[in-house]
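# Summary of the model geometry
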Amino acid sequence: MKKVFLKPVQVLVILILIFTVSCKKIEVTGVGFEMRSITLPVGETEILTPIVFPENATNKAVSWTSDDPLVATVDNGKVTAKKIGDTFIHVTTKDGNYTASIGVLVRE
């Protein structure tokens, strides 16, 4: 059996190719929630977990907002019911600016 030896330049090219392929950025294509709405009693909290697509996206960072912080606030996905009412919580991806919303119903 003949042994094959690679020249240092060949090894370097192979390593560069492997690194380039493994570092390819996978763009976000969407975001969503498993539920359409949640109901919380005043004073209670719930952690929302958005689903970023595709599952292997490189940058899954998101930001959060509440349409009415007097009814419910959101901090890094943690929703806190403040007073009786209805509002929407929105999550937006940093990559691609995709948005999903979930209704929040605050009851006694």
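Above this text you will find the structure in question.
A brief structural summary. (Residues numbered from 1 in each chain as written. Predicted model: local features only at pLDDT ≥ 70, side-chain atom pairs only at ≥ 80, totals over all residues. Heavy atoms only, no water.)

Moving on, we come to the pairing of strand β2 (residues 37-41). Burial along β2 is one-sided: I38 and L40 are buried, and none of S37, T39 and P41, which face the opposite way, are. Summarising the sheet, β2 and strand β9 (residues 99-107) pair through five bridges and their orientation is parallel. Residue pairing across strands places T39 opposite L105, the latter belonging to β9. (Buried < 20%, exposed > 50% of the residue type's maximum accessible area, 1.4 Å probe, protein only. Helix = DSSP H or I, 4+ residues; strand = E, 2+ residues; numbered from the N terminus. Pairing = 2+ DSSP bridges.)

This part is about the environment of K83. Position of K83 relative to the elements: it lies in the loop between β7 (78-81) and β8 (85-93). Of the residues examined, K83 reaches a relative accessible area of 42% and is grouped as partly exposed. Not counting chain neighbours up to four residues away, the residues in contact with K83 comprise V42, L70, V71 and V106. (Contact = heavy atoms within 4.5 Å.)

Moving on: unusual backbone geometry. Of note, the bond from F53 into P54 is cis; its omega dihedral lies within 30 degrees of zero at -10 degrees. Turning to its location among the elements, P54 is positioned in the loop between β4 (51-53) and β5 (62-66). The phi dihedral of N76 is positive, around 55 degrees, even though this residue is not glycine. Within the secondary structure, N76 sits in the loop between β6 (72-75) and β7. Looking at N76, the relative accessible area reads 66%, which means it is exposed. Of note in the backbone geometry, N97 takes a positive phi value of approximately 60 degrees without being a glycine. Structurally, N97 can be placed in the loop between β8 and β9.

Another point: the nonpolar core. By size, the foremost hydrophobic cluster in this structure holds 20 residues, and its most contacted members are F33, L48, W64, V79, I89 and V104. Those elements that place two or more of their residues in this core are β2, β6, β7, β8 and β9. Element by element, the count of residues in this core is highest for β9, at four residues. Discounting chain neighbours no more than four positions away, the residues touching F33 are L48, T49, P50, I51, W64, V91, A100, S101 and I102. (Core = buried A, V, L, I, M, F, W, Y, C linked by side-chain atoms within 4.5 Å.)

One pass over the structure, following the stated rule, counts two salt bridges. Across the salt bridge formed by K25 and E27, the nearest N and O atoms sit 3.9 Å from each other. A residue is classified by how much of its surface remains accessible, and K25, at 46% relative accessible area, is partly exposed. When the shortest N-O distance is used, the salt bridge between R107 and D86 registers 3.1 Å. Placement of the pair is R107 in strand β9 and D86 in strand β8, with a sequence separation of 21 residues. Here R107 falls in the partly exposed class, since its relative accessible area comes to 35%. (Salt bridge = Lys/Arg side-chain N within 4 Å of Asp/Glu carboxyl O.)

Honestly, that's just the spatial picture; any functional story needs more than this.
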